[in-house]
Amino acid sequence: MQNSIPDGFPSTNDQEKLLADALALVQHHAFYMHRALDNNNLQDALKFSAQMLGELRTSKLSPQKYYELYMKTFDELRMLEVFFKEETKRGCTNAYLYEEVQHAGNVLPRLYLLCTVGSVYIRSKEAPAKEVLKDLVEMCRGIQHPVRGLFLRSYLSQISKDKLTDAASEFEGEGGTVVDAVEFVLQNFTEMNKLWVRMQHQGPAKEKEKREKERSELRDLVGKNLHVLSQLEGVDLDMYRDIVLPRVLEQVVNCKDELAQYYLMDCIIQVFPDEYHLQTLDTLLGACSQLQPSVDVKTVMSQLMDRLSVYAASAPEVLAEFSQVEAFSKLSEAVIKVIEVQQDMPLVGAVCLHVALLTFTLRVHADRLDYVDQVLGACVKKLNGVGKVNDSKATKQIITLLSAPLEKYNNVVTVLNLTNYPKIMEHLDYGTNKIMAVVIIQSIMKNGTFIMEADKVEALFQLLKELVQDSDGSPTLDELDEEDFMEEQNLVARLVQMLTNEDNDEMFKILITAKKHFQKGGSKRLGYSLPPLVFSALKLVRRLQEQDKNNEVDKVTFSPQEQGSSTEADEANISPQKVFQFLLQTVDSLSAVPAPELALRLYLQCAEAANDCDLEPIAYEFFTQAFVTYEEEISDSKAQVTSIHLIVGTLQRMHVFGVENRDTLTHKATGYSAKLLKKPDQCRAVYVCSHLFWIEDEGGVQDGERVLLCLKRALRIANAAQQMASVTKGSGGPVTLFVEILNKYLYYFEHGNQHITNAVIQGLIELIVTEMQSENTTQDPTVDAFFASTLRYIRFQKQKGDGVAERYAAIEV
Amino acid sequence: MNYIVGVFKQPCVISVKFADGDTRKQATVKKETGQSVELPVFSSKDTISGEVHIVPAYGKKIDHLGVKIELFGQIGLSLDRGYDFTSLVRELDIPGEIYQHKVYPFEFSAVEMPYESYNGARVKLRYVLRVTVGRNFPSNIIHDSEFWVRNTSPPPEKINPIKMEVGIEDCLHIEFEYSKDKYHLTDVVIGKIYFLLVRIKIKHMELEIRRRESTGSGANTIVETETLAKFELMDGAPVRGESIPIRLFLKNYDLTPTYRNINNKFSVKYFFNLVLVDEEDRRYFKQQEVTMYRLDP
């Protein structure tokens, strides 16, 4: 009688020793067994083999070690089997042998021997396979010890594997039918599972964890039966549905064991064909909701859905089956039911299930957006009871859930049709939502998705709320990481480009919608979000204008005056004017930011666009705004310099203005120039202003006198600067300015400004030369080079020999 | 085969040769010494015939007062000398002399041998052929030659299964079933044990075959019990609802039919004892009498 050790298995070291001892004994008995085999001594062979198998009666080995011992004896039993086979050739009947081995007094060796003889018996076909198998599987009940029983039955399964009365097997027919084979395997499976489940109750509670680990190591012994079932040719769909699956599931559900349920459900899903799963979804899913609450159902169901979706992808004709069995509705019902039944399931589990279902839906029914929405809806329902999700794992899963449609469709527009999508996002906390928003934008960018309807834009901004505006729970802007914030806002800015439609009306609506949302964003965001919006609007303006031109071509008969009205008739709602109004408001809101320089630039951009559209009042208004901004808000001197140059540059190109307006503006601009703080800046601004009076374009103003005035003024300022420099620093300042002015002179001289005479130029050159030679002028090689190349240019012009050269002739260098 | 008892310095060698000795069935019987011997097997109403061979020692002659052969059945208890219940005598020779190998045929026809030979713990029932060469001096030359008797019986008229529910309250409750209450000696015991309630940690379960030999009567009855077989039925602890099969081939065990009150001297009864052993090696058992009988071969 073996001693069972109630306090678990001995330590590892002892285990090694015990195993070594047991193996040695097996070896010892096997030696005598071999001798008996060689001598054809059946009785001795049985006696020693029983002794050898007696070693398997130990309770002291851990399952792993026991396995090693089992393998050793397994090999020996193979030899015994060969012997039995030969014994029957020598005239011993199988029936006799079958009885003879049953005299062994101990049940475990007896059953191992019985199985071994049984194997030979079946092969001989002297008895119907089904009878022998049935007897074996019944007799094996004698072993109720979990580990020993599992291994014994595993042995039975091993030796019977190739002897089942499967369809088309050699043992079928008189030996039995596939029903018998299935019955046999099912019974063995059931018994093994019972033993396996029972294992957890052996030994003290404190070692439960260790025991569960050991138990887990044995799971494949049980699972192998399912594999055998799946390999049976004769098990067709009907039999699977009517016999195999219900029986297996019954066992799974009734065993009420977490480890077993999870493993076996997984096994079922993995070993049987997808087609069967599809046809038995009801049953399979029904079982899912009956599992223990602690079972990881979500993984099980995910696996199932995963497999099904792969199956669906395998062949197009399969899809018809999916709709035929209403796979989707069954799965979604099952998901809901499981969540309902398993009250304790953490939120993350529920979300995971939805993720799995969604993945399935996206793979199988990508065309059914309503299904997708339905899944999201179910998830919303679950989330509604929860409020904001704080669990980080669940959050992660929700992100997966939300990302899945994006990834699948690669098109945000499709996703925007999902009414439940934003509802789910509402349940995310601020940070996560932001991440999600970033993901959405990135998806748009990556796929180049254009969002072409205003209502879609509206919906999109609902999703992007957290990026576009402050909302409840968001940290104040000061708390945000500056860099992150910038990055996010840049993303939003890039997004604006994707909001576009060929149709002008719609486009305008889109712009209005976008603006509406951007304006909720607060001053800090506007700086990022409005410029792209402005440019987007400007693009619209240009398109409108383009169309006007086309119309013009079409309707040559109309006078230019009528053309305007016809355009308005065509574009009932939209006109450049309207867009400009929109622009004006938009840029205006930048003043609140405040971002005066940006506003100024945008005003100027708009003015230029208005100019291209021949809309003088609008252009004038924009300029006015630009000037106002300049006056009131740009105080930094450097910024002023830049602004002046921008203003002048823009103004120079404006051709829409009438004389009066133009005068006002140029006057203003020159005025600003002269009021700059630093002399060199003043000087430069002033000479730049000269361009305002000299437009090369056709019909442009060419007021040579005022040009000269400007230049002279610039000279004066340069002089003053020079003097100031010598007073304050003790050395001469910028000859540069003079050289620059000289270049301006040359420019106008070349372009035929009559007021610029060679004398003036000559004088300036001399002045520069003098200045450069003056002692208190600082030598600057770059200036020298600048001046030298200017002179070289003059010389070059003189030699060219055309009209210009003639004029240059008078200048001496 | 002859059974020869060679006694040193005996003036002659006596042996008994059965008529069908070469073909007759043999029984292997264990003697007290531990050796096994093979004996010819007879049944009641058999005719026991053969020859007695007397071979004098070389060069010796035996004067005798006559030669006879006796057949007797004897019940021996370990304490007393034994009790003969059957005794038949045949005179083989009148007084005279034997010079050389002499053969005497004998025959006991249709001998009534109601009891089977039996070799128990305390009781022995044996059948002996005794050849006596009568002498005055020195004493008689006696040669015993044992044979074995087995009587078959017709199959019992009624065989019932044994079904029983036993248990210890709130602890263990089982139902067991043996296919029959009467078995022949090469029968198979089929049955099962069904566990209705298990609250103890059972280590294993076995079926014992026990033989109870009782001698004497009344207050002087002495009972001797022997366990002839221990057959493990189950290894490990079952749970509620398990049923464990029993299949036990009886032919390998040294069983006899059940004997009831043989010649008012003794009885032999057989029992199945179902034993459950728990982890603390406590034994829980239930004993059931079964009747054994010998079937016509």
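Residues numbered from 1 in each chain as written. Chains lettered and ligands numbered in written order. Predicted model: local features only at pLDDT ≥ 70, side-chain atom pairs only at ≥ 80, totals over all residues. Heavy atoms only, no water.

Visitor: In this structure, what is going on with the nonpolar core? I would like to understand it.
Guide: Across soluble globular proteins, you tend to see nonpolar side chains buried next to one another. Within the largest apolar cluster, 278 residues are counted, with the highest numbers of intra-cluster contacts made by I268, Y421 and I440 of chain A. When residues of this core are assigned to their parent elements, the largest contribution, 13 residues, is made by helix α18 (residues 347–364) of chain A. If we ignore the near neighbours within four places in the chain, the residues touching Y421 of chain A are D373, L376, L402, S403, P405, L406, V415, M436, I440 and L463 of chain A. Counting 70 residues, the second largest nonpolar core, distinct from the first, contains Y118, V131, L248 and Y253 of chain B. (Core = buried A, V, L, I, M, F, W, Y, C linked by side-chain atoms within 4.5 Å. Buried < 20%, exposed > 50% of the residue type's maximum accessible area, 1.4 Å probe, protein only. Helix = DSSP H or I, 4+ residues; strand = E, 2+ residues; numbered from the N terminus. Contact = heavy atoms within 4.5 Å.)

Visitor: I keep staring at the sheet that holds strand β14 (residues 162–168) of chain B and nothing clicks. Help me out?
Guide: The strands making up a sheet associate through backbone hydrogen bonding, with each pair oriented either parallel or antiparallel. Residues and elements named next belong to chain B. Read across the sheet, four strands follow the order β14-β15-β17-β20 without closing on themselves; strand pairing throughout is antiparallel. The two strands at the open ends of the sheet, each matched to only one other strand, are β14 and β20 (243–249). Neighbouring strand axes in the sheet, compared pairwise and without regard to direction, differ in orientation by 20 degrees on average. One ladder, built from seven bridges, connects strand β17 (residues 188–198) with β20; its direction is antiparallel. Within β20, the position partnered with V189 by the bridge is L248. (Pairing = 2+ DSSP bridges. Axes fitted to C-alpha atoms, helices over the stretch in contact; angles between N-to-C directions.)

Visitor: Would you take a moment to explain helix α3 (residues 63–89) of chain A for this structure?
Guide: The first and last C-alpha atoms of α3 of chain A sit 38 Å apart over 27 residues, in line with the 39 Å expected at 1.5 Å per residue. One or two positions beyond α3 of chain A, positive phi appears at G91 of chain A, with a value near 110 degrees. (Expected span 1.5 Å × (residues − 1).)

Visitor: Explain a negative patch on the surface to me, please; I cannot follow it from the model alone.
Guide: A cluster of acidic residues, D481, E483, D484 and E487 of chain A, forms a negative patch at the surface. Relative to the elements of secondary structure, E483 of chain A occurs in helix α26 (residues 482–498). (Patch = residues over 30% accessible without salt bridge, like charges linked within 9 Å, V, L, I, M, F, W, Y side chains within 5 Å. Areas by Shrake-Rupley, 256 points an atom, 1.4 Å probe, with all protein chains shown as cover. Salt bridge = Lys/Arg side-chain N within 4 Å of Asp/Glu carboxyl O. Lys, Arg positive; Asp, Glu negative; His and termini not counted. Charge placed at Lys NZ, Arg CZ, Asp CG, Glu CD.)

Visitor: Sorry, what's going on with the packing of helix α1 (residues 12–38) of chain A against α3 of chain A here?
Guide: How two helices pack is summed up by the angle between their axes together with the distance between the axes. All names here are of chain A. Remark: α1 packs on α3, axes separated minimally by 9 Å, with the N-to-C direction vectors making an angle of 5 degrees. Our classification of the angle between α1 and α3 gives roughly parallel. Listed contacts from α3 to Q15, E16, L19, A22, L23, V26, Q27, A30, M33, H34 and L37 of α1 are K65, E68, L69, K72, T73, E76, M79, L80 and F83. Classifying every residue of the contact of α1 with α3 by side-chain character gives 11 nonpolar, four polar and five charged. (Parallel < 35°, antiparallel > 145°, perpendicular 65-115°, else oblique. Nonpolar A, V, L, I, M, F, W, Y, C, P; charged D, E, K, R; others polar.)

Visitor: What exactly am I supposed to notice about the interface of chain A and chain B here?
Guide: Quite often, the size of an interface is put as the accessible area lost when its parts meet. In this complex, chain A contributes 27 residues to the contact, which on the side of chain B involves 23 residues. In this assembly, chain A and chain B are joined by six salt bridges. Counting across the interface, chain A meets chain B through 14 residue pairs in polar contact (both at pLDDT 80 or more). When contributions to the side of chain A that touches chain B are tallied by element, the ones reaching two or more residues are α4 (94–100), α5 (107–124), α6 (129–139) and α8 (178–198) of chain A. Considered class by class, the residues forming the side of chain A that touches chain B number seven nonpolar, nine polar and 11 charged. (Polar contact = N/O pair within 3.5 Å; in protein donor to acceptor, adjacent residues only side chain to side chain.)

Visitor: Quick question: what am I supposed to make of the pairing of strand β2 (residues 12–18) of chain B here?
Guide: Two faces belong to every sheet, and in a regular strand the side chains alternate between them. All names here are of chain B. Across the seven residues that make up β2, a large majority, five, are buried. Two strands pair when backbone bridges link them, and β2 and strand β5 (residues 48–56) are joined in this way by seven bridges, in the antiparallel orientation. Along β5, the bridge assignment pairs F18 with G50.

Visitor: I would appreciate a short explanation of the environment of A24 of chain A in the present structure.
Guide: Position of A24 of chain A among the secondary structure elements: in helix α1. The sequence separation of A24 of chain A and E55 of chain A amounts to 31 residues, and the corresponding C-alpha distance is 10.0 Å.

Visitor: How should I be thinking about the environment of N160 of chain B in this particular structure?
Guide: Relative to the helices and strands, N160 of chain B is located in the loop between β13 (141–149) and β14. Once residues lying within four places of it in the same chain are set aside, the contact partners of N160 of chain B are S179, K180 and D181 of chain B.

Visitor: Mind showing me how you'd approach the packing of helix α24 (residues 454–463) of chain A against helix α27 (residues 504–519) of chain A here?
Guide: All names here are of chain A. In the contact formed by α24 and α27, the axes pass within 8 Å of each other and the chain directions differ by 20 degrees. Our classification of the angle between α24 and α27 gives roughly parallel. Considering the relative orientation of α24 and α27, their crossing is right-handed. Two secondary-structure elements touch here, α24 through A454, V457, E458, F461 and Q462 and α27 through E506, K509, I510, T513, A514, K516, H517 and F518. When its residues are assigned to classes, the contact of α24 with α27 shows six nonpolar, three polar and four charged. (Left-handed = near helix turned anticlockwise from the far one by under 90°.)

Visitor: Is there a simple way to think about the confidence of the model for chain B in this case?
Guide: Interpretation of this model should avoid reading the predicted coordinates in detail wherever pLDDT is low. All names here are of chain B. Averaged over every residue, the pLDDT of chain B is 87; residues scoring 70 or more account for 95%. Across residues 1–7 the pLDDT falls below 50, and counting only partners more than four positions away or on other chains, this stretch makes 14 contacts in the model. Reported confidence for the predicted complex is 0.87 by ipTM and 0.74 by pTM. (pLDDT = per-residue confidence, 0-100.)

Visitor: Whenever I open this one, the domain arrangement of chain B confuses me. Can you help?
Guide: Residues and elements named next belong to chain B. By the assigned domains, chain B splits into domain 1 (2–149) and domain 2 (162–293). Taking only C-alpha atoms, the centre of domain 1 and the centre of domain 2 are 40 Å apart. The interface is formed by 14 residues belonging to domain 1 together with 14 residues belonging to domain 2. Across the domain 1/domain 2 interface, buried area totals approximately 1,200 Å², and carbon plus sulfur atoms make up 66% of it. Together, Y115, Y118 and R122 form the three largest contributors to the area buried by domain 1 at its contact with domain 2, with a combined 45%. Between domain 1 and domain 2 we count zero salt bridges in total. Applying the counting criterion to the domain 1 and domain 2 interface returns six residue pairs in polar contact (both at pLDDT 80 or more). (Domains from an automatic or database assignment. Buried area = accessible area lost by both parts, 1.4 Å probe.)

Visitor: Can you help me understand the pattern of salt bridges in this one?
Guide: Oppositely charged side chains can pair when the atoms bearing their charge come close. Evaluation of the coordinates by the stated rule reveals 51 salt bridges over all chains. R215 of chain A is the salt-bridge partner of E212 of chain A, the closest N and O atoms lying 2.9 Å from each other. Of this pair, E212 of chain A and R215 of chain A both sit in helix α9 (residues 208–217), three residues apart, which is roughly one turn of that helix. By relative accessible area, E212 of chain A is classed as partly exposed at 21%. The partner of D238 of chain A in a salt bridge is R241 of chain A, and the shortest N-O contact between them spans 2.6 Å. Taken together, the positions of D238 of chain A and R241 of chain A, both in helix α11 (residues 237–255) and three residues apart, correspond to about one turn of that helix. Connected via shared salt-bridge partners are E138, R141, E191, K194 and R198 of chain A together with E242 of chain B.

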